[in-house]
Amino acid sequence: MNNFLKQDLNRVFRSYSFWLGFFLTIGSCIFGIYPNIKYANDSGALRLFFYAHSIGSTSIYSLIAPLIAAIPYSYSYCIDKQSGFLNYILKLRTYKSSSVP
């Protein structure tokens, strides 16, 4: 199980989709914080995060958060299915035990 975790983490950090989601997150936070950066000294980092998330007029983070979360998982599923890795995982475990109840 330890080797499987190492292999999976290695695949995540080398994937294009993970880094795309990471930079979309950073970019959307910066885009939401930038108009309110003049208040950075008066308020803390939590307040700036709220500006980036939902309070600010340019906050897009809450709109694209589901997309950011779905990109790596959907890409990983497609690659696993095409390469046959998904069949290998299902041979180790039954389909019923690997599904969410």
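Residues numbered from 1 in each chain as written. Predicted model: local features only at pLDDT ≥ 70, side-chain atom pairs only at ≥ 80, totals over all residues. Heavy atoms only, no water.

Here we take up the overall build of the protein. The helix and strand tally for the protein stands at 6 helices and 0 strands. Reading the protein from its N terminus to its C terminus gives the helix and strand order α-α-α-α-α-α. Every one of the 101 residues in the protein was classed for burial, and the buried ones make up 19%. The long-range fraction of contacts in the protein, counting pairs at least 24 apart against all pairs at least 6 apart in sequence, stands at 51%. As displayed, the protein offers around 8,000 Å² of accessible surface, 66% of which is attributable to carbon and sulfur atoms. (Helix = DSSP H or I, 4+ residues; strand = E, 2+ residues; numbered from the N terminus. Buried < 20%, exposed > 50% of the residue type's maximum accessible area, 1.4 Å probe, protein only. Contact = heavy atoms within 4.5 Å. Areas by Shrake-Rupley, 256 points an atom, 1.4 Å probe, with all protein chains shown as cover.)

So, about the nonpolar core. In this structure, Cys29, Ile33, Leu48, Tyr51, Ala52 and Tyr61 together form the largest nonpolar core, which totals 6 residues. For this core, the secondary-structure elements that each account for two or more residues are α2 (16–33) and α3 (45–55). Among the elements that take part in this core, α3 stands out by supplying 3 residues, more than any other. If sequence neighbours within four positions are ignored, Ala52 has contacts with Cys29, Gly32, Ile33, Ser59, Ile60 and Tyr61. (Core = buried A, V, L, I, M, F, W, Y, C linked by side-chain atoms within 4.5 Å.)

Note that all results are geometric; they support no functional claim without further evidence.
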